[in-house]
Amino acid sequence: MLSNAKTSLRTRTHEGLSPTTDDYSVLKERSKAENFKSLLLSSPGQIWKSRVSWRIAAAVFMTILLVQTMIMNFGTLPAYKDRMLKDLREAGRGAVAAIIDTKVSINEAPFSEEQVKRLLYTTDISGLSLYTYETNFLNTYGANPTKTVGRLHDTNFTQFNEEYGYYVTVLNPGDLKRPYYVVMRMDATGVQNEISAYVQDNIKIMLIMSLFVTTVLMIALGRWLLEPVLFMRQNLLSAFKNPEAPNIPDSPFDQRDEIGGAIELANKLILQNADNLTRIKSAAEDKIHKLAYYDTLTGLPNRTLFVQTLSERARQKSDGTADRFAVVTIDLDHFKDINDSMGHNVGDAILRSVAKRLRSAMPESAVVSRSGEDEYAIMMPLSSDINTSRDVAEKVLHVIRAEPFKVFNEAFQVRASIGVSTFPDDAVDPDQVLKNADIALNRAKEEGRDTIKEYSEDFDRAVQQRFQMLRDLRDAMEHEQLQLYYQPQLDLRTGEVIGAEALLRWWKPDNSKQGGTFISPGEFIPVAEQSGLIVPIGEWVLKTACTMAKGWHDDHNLDIRIAVNVSGAQFTQSDICGFTQRVINEVGIDPSKVELEVTESIFMDDIGHTIQTLQNLHAIGVELAIDDFGTGYSSLSYLRQFPIDRLKIDQSFIRNALNDPDDASIARTIIALGRALNLNVIAEGVETIEHEKFLVTEGCDEVQGFRYSRPIPADDFLDFVQNYNGDLSSFSEE
Ligand code: C2E
Ligand code: MG
Ligand code: MG
């Protein structure tokens, strides 16, 4: 029961609830009996072990002893001694008076020698000196007391000699009722013995009394001081060990006395402290819980809580069934552009508005979460009203598209890519359902965004293949399966070979007859880009291509430009300028003989950074070309700001130039644009003489394509250049 109460307290605390007074009182009641029993059992032994009790008792014992000794020494003992001596003197006086004969002359001894001898023999009197009432000496008998007194000057003389055990006293005529003075010496050893017996008896009584008082005191101390103090110590110890849920029984001691009052106060303080601690802890836990499970910007659950809730909802019910639900993942299209161009305040406001709109569009039963920077995830039970996940996704798409988001009086049309997956149709593992929705979302993004994609197993297979390819690609780098091919670039006017584009080739060995296959860069470059592997690969390409070109220059007097493709990822994920500079220094190549080909996609990223990087690269002295020009996002206004040397018309325009007037006019426009901006224009994908003729007519500067040569290994490239006669018409006419 006690442990139940404790567990309840702990659970409440854990759940972030304050423990109720009930919890405490149950705890207190239960623990009271246990605790107090153990306390009382231990206290008799404790009393005799208590240092404080011993000290107090010892002090009291000594005090009683001291007081009693003083009373005896200064009060009862002298009085007792006096009484004893008085009795001794009285006995002596009676005996002496009895033998004095009143009829004899005043100047003679009033008794006979015989009488005195008997007196000395039968009483404690050991000697006598006799004087007349005029103090004239008459005679001495036995031990001479006059030795002590001398002549009788002091008629009141008395002396008790404890060393020799005698007592000398003067009996005057008043005492004796006779006209004589008698100085009497008496044996006082009897008195001495009585006195010492008296002292011994007194000491015994004193000790017994002291012991009795001390024992009573110890018991009283134990009951009234030690027990309460131990009780308080026990409570403090419990509070020290377990400050949040201390084991505090109610105090059995009277609160009206000082210690009882102090205990009550201490108990209250301990419980108050426990209460405060629990409250502080549960508040902190609440806060931590909020931070860990909720997104601070939108107040929506975060991905962690979403995944947890997903797992809970996916748990089977007792009848073995589980709810069906849709998992929809949403990614805002080009949100980064809004953030970059309008600032984070606008970005944040849009994220908040999207969250709000989604939350209010979805029923209570749905979980709407923010799962990433510009990503949201929704889980919604499928019911008879809404029974397909697609319906949920369409609602989401509609809600986002419905009207622009208003931020600071500006309208922003937000679009979103959406991935959809259904539990348990697509996967029985809730984590997998979410992953599937993410896979579908990626598909939606790849397929041009602003669209919904429902998960299909084929996506998964494609993803698996990508993972496999990534693993293989890493392997390929280690085992040097990557190599560079070179494709010549020619001057359309002079026919000269003026450059070479380095193109990656991956020869992947397998068990086939050929011993392996070439994997197209079109297949593996996107995988390398997504994983960041493009950075080390790109660096290897640049270094290898520059080294090759430098070799051609030095060993074969071949003064041509080497063009190297650079991915957008290399711009954002690496210090491309630093690396290029290092390669140029190390290889010792003339930087103007190196050209980096970038695609228009780099202008989609942080434009300020892109311009800066291009300017830095240009400052190194390398040339810059825009590859696949015309297919992507080109802004003429930007184009003027870039330090570009060359436009490379995408091969699709060249391929179709002869049968598609639109493509022909695009190619024509690009050439004109190049001329206007004073940029060189190179056409790629030149396969036939017709293509070439078209380009000559339009005034294109340079060409590259299968008509002249496919990309070929370095040695073949050297052969090509050395065998080429410089005449474009020498190439066959296909
Ligand atoms: P790209 O830079 O536009 O390269 C030109 C592509 O067109 C090459 O394909 C080349 O073989 C092909 N080509 C050249 N002339 C003709 C022709 O007359 N007809 C046809 N049909 N095709 C022609 P490849 O080698 O398969 O490379 C594909 C793409 O892979 C390249 O396009 C480039 O974007 C990328 N790539 C290749 N190597 C690298 C690299 O080292 N780094 C990076 N980042 N990307 C690379
Ligand atoms: Mg290229
Ligand atoms: Mg190209």
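Please read all numbers here as calculations on a predicted model, not as lab measurements. (Residues numbered from 1 in each chain as written. Chains lettered and ligands numbered in written order. Predicted model: local features only at pLDDT ≥ 70, side-chain atom pairs only at ≥ 80, totals over all residues. Heavy atoms only, no water.)

1. Describing the coordination of the magnesium ion (ligand 3)
Heads up, the condition is: Sites may look incomplete because water is not among the atoms; the donors themselves are N, O and S atoms within 2.8 Å of the metal, or within 3.2 Å for Na, K and Ca. A run of H or I in DSSP becomes a helix once it reaches four residues, and a run of E becomes a strand once it reaches two; helices and strands are each numbered from the N terminus. Working definition: with a 1.4 Å probe on protein chains only, accessible area under 20% of the residue-type maximum means buried, over 50% means exposed, and in between means partly exposed.
Taken together, the protein ligands of the magnesium ion (ligand 3) are D627 (OD), D628 (OD) and E684 (OE), with distances of 1.9 to 2.5 Å. All donors of the magnesium ion (ligand 3) come from a single chain, and their spacing in sequence reads D-D-x55-E. The distance between the magnesium ion (ligand 3) and the magnesium ion (ligand 2) is 4.2 Å, with D627 acting as a donor to both metals. On the criterion of sequence distance, the pair formed by D628 in strand 18 (residues 623-629) and E684 in strand 20 (residues 680-684) is long-range, its members being 56 residues apart. Take E684: its relative accessible area is 7%, and that puts it in the buried class.

2. Looking at the coordination of the magnesium ion (ligand 2)
Coordination of the magnesium ion (ligand 2) by the protein is provided by E501 (OE), N565 (OD1), E597 (OE) and D627 (OD), with metal-donor distances spanning 2.0 to 2.2 Å. Sequence spacing of the donor residues for the magnesium ion (ligand 2), all on one chain, is E-x63-N-x31-E-x29-D. Its relative accessible area of 27% is what places N565 among the partly exposed residues. The buried category is assigned to E597, whose relative accessible area is 1%.

3. Notes on helix 22 (residues 661-676)
We count it as follows: Any helix carries an expected span of 1.5 Å times its number of residues minus one. Think of a polar contact as two N or O atoms within 3.5 Å of one another; within protein, one of them needs to be a possible hydrogen donor and the other a possible acceptor, and neighboring residues in sequence only count if both atoms come from side chains.
Given a rise of 1.5 Å per residue, 16 residues ought to cover 22 Å, and the 22 Å separating the end C-alpha atoms of helix 22 matches this to within 8%. Within the span of helix 22, buried status applies to D663, A664, A667, I670, I671, L673 and G674. The residue sitting at the N-terminus of helix 22 and contributing the capping side-chain oxygen is D660; that oxygen lies 2.8 Å from the backbone nitrogen of D662. Looking at the residues trailing helix 22, positive phi occurs at N678, about 65°.

4. Brief notes about the pattern of salt bridges
Using the following cut-off: The working definition used for a salt bridge is a side-chain nitrogen of Lys or Arg within 4 Å of a carboxyl oxygen of Asp or Glu.
This model, assessed by the stated rule, comprises 36 salt bridges. A salt bridge links R303 to D438; the nearest nitrogen and oxygen atoms lie 2.9 Å apart. One end of the pair, R303, is in helix 9 (residues 303-314); the other, D438, is in helix 13 (residues 430-446), and 135 residues separate them in sequence. Owing to a relative accessible area of 18%, D438 belongs among the buried residues under this scheme.

5. What about the layout of surface pockets?
Heads up, the condition is: Detection works on a 1 Å grid of protein atoms alone, calling trapped sets that fit a 1.4 Å probe cavities and calling open sets with protein on both sides within 12 Å along at least five of seven lines pockets, with lining residues defined by an atom within 4 Å of a point. Grid points are joined across faces, edges and corners, and a volume is the space filled by probe spheres set on the points. In the scheme used here, Gly and all other residues not listed as nonpolar or charged are polar, with Ala, Val, Leu, Ile, Met, Phe, Trp, Tyr, Cys and Pro taken as nonpolar and Asp, Glu, Lys and Arg as charged.
What the second largest pocket holds in volume is close to 210 Å³. Around the second largest pocket sit Q46, K49, S50, R51, V52, L225, L226, V229, L230 and R233, which together line it. Within the residue set of the lining of the second largest pocket, elements represented by two or more residues are helix 2 (21-49), helix 3 (51-99) and helix 7 (189-241). The element that contributes the greatest number of residues to the lining of the second largest pocket is helix 7, accounting for five residues. Class assignment of the residues belonging to the lining of the second largest pocket gives a composition of five nonpolar, two polar and three charged.

6. As for the sheet that holds strand 12 (residues 452-454)
Our working rule: Following DSSP output, two strands are said to pair if at least two bridges run between them. For helices, the fitted axis covers only the stretch in contact; all axes are lines through C-alpha atoms, and the angles between them, taken along N-to-C directions, range from 0 to 180 degrees. Every residue pair with non-hydrogen atoms within 4.5 Å of one another is taken to be in contact.
On the basis of which strands lie adjacent, the open sheet formed by five strands has the order 7-8-6-11-12 and mixed pairing. Lying at the two open borders of the sheet, with one neighbouring strand each, are strand 7 (367-372) and strand 12. Taking the axes of each pair of neighbouring strands and ignoring which way they run, one obtains an average angle of 20° across the sheet. Pairing analysis gives eight bridges linking strand 6 (residues 325-332) to strand 11 (residues 416-423), with the strands arranged antiparallel. Within the sheet, the bridge partner assigned to L332 lies in strand 11 and is A416. Sitting on the sheet, helix 11 (residues 344-361) touches strand 6, strand 7 and strand 8 (375-381), and the angle it makes with strand 8 is about 5°.

7. Quick notes on the domain arrangement of the protein chain
By convention, interface size is frequently given as the accessible area that disappears when the constituent parts associate. Rules: Each domain span listed reflects an automatic or database assignment of domains.
Splitting the protein chain by domain gives domain 1 (63-202), domain 2 (296-455) and domain 3 (472-652 + 716-723). The centre of domain 1, based on its C-alpha atoms, is set 143 Å off from the matching centre of domain 3.

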